[in-house]
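Structural characterization, general
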Amino acid sequence: MRYPQGGGLTAERQAFRERVRMEAVAMFAEGRGSTEIAKELRVSVRSVQRWRRAWREVGRDGIRSLGPASRPKLSVVLFAVLEEELAKGPVAHGWPDQRWTLSRIKTLIGRRFHKSMTLSGISQMLRRHGWSHQVPARRAVERDEVAVAGWVKAVWPHLEPPRRRSGPGSSSKTRPGSR
């Protein structure tokens, strides 16, 4: 489970889940059935069956939490360095304007840390650390309103498909000619 505030389970929630699994171990030792355990602990029967198999094969340590599935690509220290680089702005890193895009951030991570990340991975990492996408508050100074209005009148009508004429219709799923 992932949460935008922190990117994972809190320590308290991890400890709670560990206690639930340990309660299941005690019930296994008593010889109770999977359905009964699942109902009492309010978990799925499949989870209880998985825990029971791990308990039989490895013992009590077999169902302990192994921690996160993977380590983050950028550690806390490296992410702090990335934030400093982002604060310098895109122009300082060779781009012509002041827009940070995911592809530019990906290139920066590759240049600075020699690591490769997907665009969605970068987006998730930024959200976990409290960053969000930004939308400009006003229109660009360079915008030519006359050219935009001309394009909307001349070009847009040819790009937009024509509307269907309204007329009497039928709610039948079969074609009128096939009746």
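Keep in mind that what you see is a predicted model, and the values were worked out from it rather than measured.

**Section: the overall build of the chain**
Within the chain one finds eight helices and zero strands. Along the chain, helices (α) and strands (β) appear in the sequence α-α-α-α-α-α-α-α when read from the amino end. Once local pairs closer than 6 in sequence are excluded, the contacts in the chain between residues at least 24 apart make up 37%. Total accessible area on the chain is roughly 14400 Å²; 54% of this is exposed by carbon and sulfur atoms.

**Some remarks on helix α3 (residues 45-58)**
In this model α3 runs 20 Å from its N-terminal to its C-terminal C-alpha over 14 residues, within 8% of the 20 Å that 1.5 Å per residue would give. Of the residues making up α3, those classed as buried are S47, V48, W51, R52 and A54. Taken down its axis, α3 places every buried residue within 165° of arc, on the same side. Exposed side chains of α3 directed beyond 90 degrees from the buried face belong to R56 and E57. Positive phi shows up at G59, right after α3, with a value of about 100°.

**A short note on the side chain of H93**
Mapped onto the fold, H93 is located in the loop between α4 (76-88) and α5 (102-113). For H93, a relative accessible area of 17% translates into the label buried. Engagement of the side chain of H93 in a polar contact is seen with the backbone oxygen of E85, the distance being 3.1 Å. Excluding residues within four positions of it along the chain, H93 makes contact with E85, K88, W100, L108 and R111.

**Quick word on the packing of aromatic side chains**
Within the structure shown, the criterion is met by three aromatic pairs. For the ring pair W95 and W100, a centre distance of 5.7 Å and an interplane angle of 70° mean the geometry is edge-to-face. Note on W100: relative accessible area 26%, which makes it partly exposed. Taken together, a centroid distance of 6.0 Å and an interplanar angle of 40° make the contact between W151 and W156 tilted. Assessed through its relative accessible area of 39%, W156 is described here as partly exposed.

**Regarding the side chain of R52**
Relative to the helices and strands, R52 resides in helix α3. Although R52 is buried, it makes no salt bridge; E36 carries the closest opposite charge, 8.0 Å away.

**What to know about the packing of helix α1 (residues 11-30) against α3**
Contact geometry for α1 and α3: axes closest at 10 Å, N-to-C directions at 70°. As the angle between them shows, α1 and α3 are arranged roughly perpendicular. Classified by chirality, the crossing of α3 by α1 is right-handed. From α1, V20, R21, A24, V25, F28 and A29 reach across to α3, where they touch V48, W51, R52 and W55.

**Here we look at the packing of α1 against helix α2 (residues 34-41)**
Contact pair α1 / α2: the axes reach a minimum separation of 11 Å and the direction vectors enclose 145°. For α1 against α2, the interelement crossing comes out right-handed. Across from V20, E23, A24, M27 and F28 in α1, the residues of α2 making contact are I37, E40 and L41. Residue classes in the contact of α1 with α2 are distributed as six nonpolar, no polar and two charged.

About the thresholds
Residues numbered from 1 in each chain as written. Predicted model: local features only at pLDDT ≥ 70, side-chain atom pairs only at ≥ 80, totals over all residues. Heavy atoms only, no water. Helix = DSSP H or I, 4+ residues; strand = E, 2+ residues; numbered from the N terminus. Contact = heavy atoms within 4.5 Å. Areas by Shrake-Rupley, 256 points an atom, 1.4 Å probe, with all protein chains shown as cover. Expected span 1.5 Å × (residues − 1). Buried < 20%, exposed > 50% of the residue type's maximum accessible area, 1.4 Å probe, protein only. Arc of directions from axis to C-beta. Polar contact = N/O pair within 3.5 Å; in protein donor to acceptor, adjacent residues only side chain to side chain. Phe/Tyr/Trp six-rings, centres within 6.5 Å; stacked < 30°, edge-to-face > 60°. Lys, Arg positive; Asp, Glu negative; His and termini not counted. Salt bridge = Lys/Arg side-chain N within 4 Å of Asp/Glu carboxyl O. Axes fitted to C-alpha atoms, helices over the stretch in contact; angles between N-to-C directions. Parallel < 35°, antiparallel > 145°, perpendicular 65-115°, else oblique. Left-handed = near helix turned anticlockwise from the far one by under 90°. Nonpolar A, V, L, I, M, F, W, Y, C, P; charged D, E, K, R; others polar.

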